[in-house]
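One-letter residues, chain by chain:
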Protein chains: 2
Amino acid sequence: MGYVASLDLVAAARAGHTRAIARLLTRAESGVAEARPALDAMFAHAGRAHVVGITGVPGSGKSTLVALVAAAIRKQGRTVAIVAIDPSSPFSGGAILGDRIRMGELGGDPGVFVRSMATRGALGGLARGTLEAVDVLDASGFDVVMIETVGVGQDEVDVARAAHTTVVVSAPGLGDDIQAIKAGVLEIADIHVVSKCDKPDANRTIADLKSMLILDLANRPGWKPPVLPTSAATGEGVDALVAAVDAHRAALEQSGEIATRRALIDERRLLKASEELLRDRFERARDGRVASLLAAMAARELSPHAAATRLLAALPQGETA
Amino acid sequence: MGYVASLDLVAAARAGHTRAIARLLTRAESGVAEARPALDAMFAHAGRAHVVGITGVPGSGKSTLVALVAAAIRKQGRTVAIVAIDPSSPFSGGAILGDRIRMGELGGDPGVFVRSMATRGALGGLARGTLEAVDVLDASGFDVVMIETVGVGQDEVDVARAAHTTVVVSAPGLGDDIQAIKAGVLEIADIHVVSKCDKPDANRTIADLKSMLILDLANRPGWKPPVLPTSAATGEGVDALVAAVDAHRAALEQSGEIATRRALIDERRLLKASEELLRDRFERARDGRVASLLAAMAARELSPHAAATRLLAALPQGETA
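This text gives an overview of the structure that appears in the document. Throughout, residues of each chain are indexed from 1 in the direction in which the sequence is written. Lettering for chains starts from A, numbering for ligands starts from 1, and both go in the order in which the items are written. Only residues with pLDDT of 70 or above have their local features reported here, since the model is predicted, and side-chain atom pairs are shown and tallied only from 80 upward, although totals for entire chains, interfaces and linings are computed over all residues.

This part covers the overall build of chain A. Summing up its helical and strand segments, chain A has 13 helices and seven strands in all. Counting all 321 residues of chain A, 49% fall into the buried class. C-beta atoms are placed from the backbone for every residue, and two residues are taken to be in contact when these atoms lie within 7 Å. Taking the intrachain contacts of chain A between residues at least 6 apart in sequence as the baseline, contacts between residues at least 24 apart amount to 75%. Each helix is a run of DSSP H or I of at least 4 residues and each strand a run of E of at least 2, with the numbering of both proceeding from the N terminus. Exposure classes come from backbone-placed C-beta atoms, where a residue is buried if 20 or more other C-beta atoms lie within 10 Å of its own, exposed if 12 or fewer do, and partly exposed in between.

Residues and elements named next belong to chain B. Strands sit in the order β3-β2-β4-β1-β5-β6-β7 across an open sheet of seven strands; the sheet is parallel. Edge positions in the open sheet fall to β3 (112–116) and β7 (227–229), since each of these has one partner strand only. When strand polarity is set aside, the average angle formed by the axes of neighbouring strands in this sheet is 20°. Being paired, for any two strands, means DSSP has found at least two bridges between them. The sheet contact formed by strand β1 (residues 50–56) and strand β5 (residues 165–170) spans four bridges and is parallel. Paired with G53 across the two strands is T166, which belongs to β5. Strands β1, β5, β6 (191–194) and β7 of the sheet are contacted by helix α10 (residues 238–255), whose axis makes an angle of about 170° with β6. Axis geometry follows a simple rule: fit a line to the C-alpha atoms, using only the stretch in contact for helices, then measure angles between N-to-C directions, giving values from 0 to 180 degrees.

What follows is about the sheet that holds strand β7 (residues 227–229) of chain A. Residue and element names in this part refer to chain A. Taken together, seven strands build an open sheet; the order of strands is β3-β2-β4-β1-β5-β6-β7 and the sheet is parallel. Strands with a single pairing partner mark the edges of an open sheet, and in this sheet they are β3 (112–116) and β7. Adjacent strand axes in the sheet meet at a mean angle of 20° when their direction is disregarded. Two strands pair when backbone bridges link them, and strand β2 (residues 80–85) and strand β4 (residues 144–150) are joined in this way by six bridges, in the parallel orientation. Across the sheet, I85 pairs through a bridge with T149, a residue of β4.

What follows deals with the pairing of β4(A). Residue and element names in this part refer to chain A. Taking burial as the measure, the seven residues of β4 include seven buried ones, the bulk of the element. Here β4 shows a buried face lined by V144, M146, E148 and V150 and a second buried face lined by V145, I147 and T149. Pairing of strand β1 (residues 50–56) with β4, which is carried by seven bridges, proceeds in the parallel orientation. Bridging from a neighbouring strand, G56 pairs with V150 of β4.

Turning our attention to the packing of helix α2 (residues 18–30) of chain B against helix α3 (residues 36–45) of chain B. Residue and element names in this part refer to chain B. Between α2 and α3, whose axes approach to 10 Å, the crossing angle comes to 110°. In this view, α2 runs roughly perpendicular relative to α3, as classed from their interaxial angle. The two elements α2 and α3 cross, and the hand of that crossing is left-handed. Within the contact between the two elements, α2 uses L24, R27 and A28 and α3 uses A38, L39 and M42. Residues were grouped as follows: Ala, Val, Leu, Ile, Met, Phe, Trp, Tyr, Cys and Pro as nonpolar; Asp, Glu, Lys and Arg as charged; and all remaining residues, including Gly, as polar. Looking at the contact of α2 with α3, its residues break down into five nonpolar, no polar and one charged. Orientation categories follow fixed angle ranges, with anything under 35 degrees roughly parallel, anything over 145 roughly antiparallel, 65 to 115 roughly perpendicular, and all other angles oblique. Should the near helix be turned counterclockwise from the far one by less than a right angle, the crossing is left-handed, whereas a clockwise turn marks it as right-handed.

Moving on, we come to helix α13 (residues 304–314) of chain B. Listing the buried residues of α13(B) in full gives P304(B), H305(B), A307(B), A308(B), T309(B), L311(B) and L312(B). Of the surrounding secondary structure, the elements contacted by the buried residues of α13(B) are α3 (36–45) and α11 (257–284) of chain A together with α12 (286–298) of chain B.

This part covers the pairing of β1(B). β1(B) sits mainly inside the fold: seven of its seven residues count as buried. Residues H50(B), V52(B), I54(B) and G56(B) point to one face of β1(B) and V51(B), G53(B) and T55(B) to the other, with burial holding for every one of them.

Moving on: the packing of α3(A) against helix α6 (residues 130–139) of chain A. All names here are of chain A. Here α3 crosses α6 at 60°, and the two axes come no closer than 8 Å. Judged by the angle between their axes, α3 and α6 are oblique. The handedness of the crossing between α3 and α6 comes out as left-handed. Contacts between α3 and α6 involve L39, M42, F43 and H45 from the first element and E132, D135, V136 and A139 from the second. Residues that form the contact of α3 with α6 fall into these classes: five nonpolar, one polar and two charged.

So, in C-alpha cells, the structure goes:
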C-alpha cells in the first residue's frame, strides 16, 4: 500500500474506524519500511492519552485485573485500549477472564480495543513496535491506553519508561523465589496492587510490600505509591485502582513531573529506535563489512570492541526502513 | 594504571596469579576506557576454554548444581572458573551451598575461581562485561568456564549464544506459572537437568520435559539434548552431567558444528559491542544533537524513528572508550 493510501488509513483510524486501527497496529508490529509514513503521522497526532503500564509475573492475575479495570473505565464513559504483551496472556486466546468477563462483552464495544502482541522469541520483553502501537491507539482517540507486560526481566523497566503510570501487580502465595525476581521492580511502581486479596495469605503479602516500601517512601518526595488490595473474584478494589491511576496522573500534572516523564519516554524511544536502526544496518552489512570484521575476530586479531569501533565508523548510512 | 602496567597484569593473569585475574575481572565489569588494552589482550589469548552456560529460574537449585559440577570437574584434575550473574545467587554471599559445599572448600584451591557479577538494575540479563570476564578467565588458562544466569527473560538466549554448551535446569514443584516462563528456553538447551530428583514429583517433571522434547528432537539432526536427573542432596547425577557436558563438546568438535557456534558467538558479540558503543556515543551527544532531536520529538515534529535516522548520521565517531 502506497503513501497516499497509508494516510487515508491514518484519517480513518483517527476517525475511530476499528479496521483501520487494526491495520495500523499490524504495521507497527511488522516494522517494515512501508509502514513508516503512517506510523510517523500517528506519532504526530499522539500525546493525549493516559498511558498506563501494568506488569506482574504470570499467575499474579494481572490479565484479569486489566480486563476489570478496562470495564470500570468504560463504565465511566471513557474509552480504553489494551496492548497485551505476554506469551501467557489470555487476551491472545478468546476469553479474557473465563467466568467474569468474556472477550465478547468488551469486544462488541467500539470504546474498547484489545490487541495482543507477540514477544521477541517468546521470552518476554517489550515487543518491537509496542510503543508505536501505543501511538496508534493514542492518536485514534482512546482516553486510556494500557500496556500489559509479563513481570520478569528487563521489561518492567521498559514499561515504566514507556508509561505515565506504572502499576505492579503482586499476588499472595507465589513463593519467595518469584517474589525475589520482583524485588528490583518495586522501585518502578507508581501503584502497587495485591491481587487475589480474598486469599488467606493476602494480608501478609500486603504487609510485606508495605514494610519494603517504608524506607523507599521516606526518601521520596511527592507521590507516595499506595498498596491496593484487589480481588478478581469479588471485584473488590478495582474502582479504587482506577481512582489511584487517575490520581497519579493528576499529581504528575500538578507537580509538573509529567514533563519529566514525557522527556524520559522520548529519550528512551530515541535510543531504542537508534538501536533498531543499528541492527537493521548490521543486517544489511552482513555480507560485507561485518563478514570481514568477524573474520578478524575469529583470528583473534580484533576484539569485539575494536571491531565494533570500526563497524560504527563504516556502517552504510542509507535508509531503507 | 597505564598501558604497560595493564599488560603486566595480562602476563600475571596468564601465569595464573589470582589477584591479577580478579583485577582484570573488575576492569571487565567497569567498562572504562583504560581497561581496553588489557581486555583486548586477554581476548587475543582466549579461545581454549570450554564455555558452559547454566541457566534456570531462582529456586531451581542451579547454584548448588554449579558448585557440585565445579567440584567434580576439579576432582578430574581440570581447572574451572564460574561467573555467576544472578541477583539471588548464593555465590554473592559467602556460603555456596549452606550444608554441602562451603565457599572455603573450593575457595582455597587456585584451580577454582568464582566471580559474582552485578546485573543491570537487579532485573537479570547478562551483565555488561560478562563475556569479557569469560575472555579473562579463558585466557588465564581455566579449562572450563561456567556462566550461571537466572533463568528468566532474554538472558537465556544471550547465554546460549555466548556458551559452547548450554544447560537448562528445571525443578519439580515450581508450578505451571514458572514453567510457562521457561517454555521458550527449552529449545536453546543442549542438556536438560531436572534438579531435586529426590523429590516425589521429579518423575513427572522429567516425563513432561521428555514429552515436550519429542517433537523437537525428531526434527533436529545431530546432538539430541538428554534429560538428566540430579540431586544436590545425594549428589546423584552430577558425574553424569559432567560427562554429558564433555560429550556435547566432543560432538560439536566431531561434527564441525563448533565452528558455527563460535561464529554465532562472535557475531552476537560484535552486535552487542556495537550497541554499547552506540549508547556511549548517545551519552556524549546528550547535550548537543540528542537534545535538539528530543525537542523536535516533544513538539511531535519528528517521530522516534525519524529522529534516530538523523542521530545515527550525526553521532560523533571519535572514540573515548
